[in-house]
Amino acid sequence: AVVSTQSTGAPNEKNTAFPIEKLWDGRVRSYLGDRYDAGRNVFDMDFSMKLKERASLLDFNEYATWRQTGKSYDVRDGVFDTPNRTLSSGVIRMVRGEKRLVRAYWGDVVCSPYLAHGIFSTLKSMYEVRNRINVRTASEVAEYNIMSLIHQINTGTPYTEPPKPDRFSFDAKQQKETASGATLEEVKEEEEEEEEEVARDEIDLSELNLVKPSCNVKIRLLPLGTVEQMQKKACYERFFDLIYLSSSQVHYFTPGLTTMLKDDANLLVENVKFVTPLTKEQEAAYLPKVKEMALAAKCELLGSNTETNNNFHFSFHRTENL
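As the structure is a computational prediction, the values presented were derived from the model and not from experiment.

Focus: the overall build of the protein chain
Across its full length, the protein chain holds 10 helices and 8 strands. When burial is assessed residue by residue, the protein chain has 30% of its 322 residues classed as buried. Taking the contacts inside the protein chain whose residues are at least 6 apart along the sequence as the reference set, 63% of them involve residues at least 24 apart. Surface summary for the protein chain: the accessible area is close to 22,400 Å², and the carbon and sulfur share equals 53%.

See below:
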């Protein structure tokens, strides 16, 4: 999702309602404080000390651009002049001695959105390196991963990436054109371009050979704090096969949470290896603390589950006395 916007000159009414550029800069200034003028050096330190070793596909220029402007996944040319309003949220804050709901951008300004889909791939070519620089950027890796997921959901078959030039490629045809100077190209009239666009819009979806997903899936977005309310409702008792807790919501890992799990269920807890503000001591103390919470909730840690894993896997088996 594009976070930042690029001004097009004239004021836009849609942008004034959610001025993301101003809000993002305010968040960055608040986080960096006196280090704001040396922001790029701070970004470089966070990248080199924390992220590069753990996310080898992440490119510093991409990361620094996102930290400074909030813009990510710039995979094609275009003018990004529309803010993503889905990133707007409200927080109760003290304003002039009164509690008020302040609606702004309160999301991540440190770790980056690339961690979700842009730092790992099953395709070996994504890890190619030339001159100590990754051939593929995190944006391209994320694009491939998401396209692969959508393709497999729609068709039920593995996704094959179409051939595309990387940022180091320069084929023989390009060299020939460069050596000979200007080349002749056929210029299409506007009417022909419009006809092609209409033809693309009229594609019969039945020709795409889409298949219906094998299971019915419903996604319900709930506000924070809902977990405690759900534990009190009988309809959610022994309801879930799997529960996933992010590192910011791990405090919900309590005995009350297991009342919503089925008799034999699993629980995943996110690691904090990509949370750059944490110190090494805080990272080292995270897993032992999670283990204590799991022990209190009668959950068992599976596998090695070392600090290098992205998630910690726990199993839950209900006994008769629970």
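Topic: the side chain of R318
In this fold, R318 is placed in the segment after β8 (311-317). Given a relative accessible area of 16%, R318 falls into the buried group. Here T258 takes part through its backbone oxygen, which lies 2.9 Å from a polar atom of the side chain of R318. One polar contact links the side chain of R318 to the main-chain carbonyl oxygen of K262, over a distance of 3.5 Å.

Section: unusual backbone geometry
Of note in this structure, R96 is not a glycine but carries a positive phi near 55°. One non-glycine residue with positive phi stands out, namely R238, at about 50°. Looking at the element boundaries, R238 is found in the loop between α9 (226-231) and β5 (240-245). A relative accessible area of 39% places R238 in the partly exposed class.

Quick word on the sheet that holds β5
Reading across from one edge, β5-β6-β8-β7 is the order of the 4 strands in this open sheet, with mixed pairing throughout. Looking at which strands have only one partner, the edges of the open sheet turn out to be β5 and β7 (299-301). Averaged over all adjacent pairs, the angle separating strand axes in this sheet is 25°, with direction ignored. Of the pairings in the sheet, the one linking β5 to strand β6 (residues 261-270) comprises 5 bridges and is parallel in character. Each bridged residue has a counterpart across the sheet, and for L245 the counterpart in β6 is V269. Relative to β8, helix α10 (residues 280-296) is tilted by about 10°, and along the sheet it contacts β6, β7 and β8.

A few points about α10
With 17 residues, α10 should cover 24 Å at 1.5 Å per step; its first-to-last C-alpha distance of 26 Å lies within 8% of that length. Along α10, the sharpest kink reaches roughly 25°, centred on Y286 and followed within four residues by the proline P288. Three or more residues of α10 are buried, namely E283, Y286, L287, V290, M293 and A294. K298 lies just past α10 and shows a positive phi near 65°.

Points about the packing of aromatic side chains
One pass over the structure, following the stated rule, counts 12 aromatic pairs. Look at Y63 and W66: their rings are 6.5 Å apart centre to centre, the planes differ by 35°, and that puts the pair in the tilted class. Separated by 3 residues within a single helix, Y63 and W66 lie in helix α4 (residues 60-69), roughly one turn from each other. Under the relative-accessibility criterion, W66 is labelled buried at 2%. Here a set of aromatic residues connected by ring pairs shows up, and it is made of W24, F47, F60, Y63, W66 and Y105. Seen from the ring of Y36, R29 lies directly overhead, with NZ or CZ sitting 4.0 Å from the centre.

Description of the pattern of salt bridges
Counting across every chain of the model gives 8 salt bridges. Ionic pairing is found between R238 and D263, a salt bridge with its closest N-O pair at 3.5 Å. Taken together, the residues span a long stretch of sequence, with R238 in the loop between α9 and β5 and D263 in strand β6 at a distance of 25 residues. For K262, the salt bridge identified is with D241, shortest N-O distance 3.3 Å. Here the residue K262 occupies a position in strand β6, and D241 occupies one in strand β5, the gap between them amounting to 21 residues. Judged by relative accessible area, which is 45%, D241 ranks as partly exposed. Overlapping salt bridges bring together R238, D263 and R318 as one network.

Observations concerning the environment of D59
Inspection of the secondary structure puts D59 in the loop between α3 (39-51) and α4. Residue D59 is classed as buried on the basis of its relative accessible area of 14%. Sequence separation of D59 and T137 is 78 residues, and the distance between their C-alpha atoms is 6.2 Å. Only 3.1 Å separates the side chain of D59 from the backbone nitrogen of N61, close enough to count as a polar contact.

Calculation rules
Residues numbered from 1 in each chain as written. Predicted model: local features only at pLDDT ≥ 70, side-chain atom pairs only at ≥ 80, totals over all residues. Heavy atoms only, no water. Helix = DSSP H or I, 4+ residues; strand = E, 2+ residues; numbered from the N terminus. Buried < 20%, exposed > 50% of the residue type's maximum accessible area, 1.4 Å probe, protein only. Contact = heavy atoms within 4.5 Å. Areas by Shrake-Rupley, 256 points an atom, 1.4 Å probe, with all protein chains shown as cover. Polar contact = N/O pair within 3.5 Å; in protein donor to acceptor, adjacent residues only side chain to side chain. Pairing = 2+ DSSP bridges. Axes fitted to C-alpha atoms, helices over the stretch in contact; angles between N-to-C directions. Expected span 1.5 Å × (residues − 1). Bend = angle between axes of the 7 residues up to and from the residue. Phe/Tyr/Trp six-rings, centres within 6.5 Å; stacked < 30°, edge-to-face > 60°. Lys NZ or Arg CZ within 6 Å of the ring centre and 35° of its normal. Salt bridge = Lys/Arg side-chain N within 4 Å of Asp/Glu carboxyl O.

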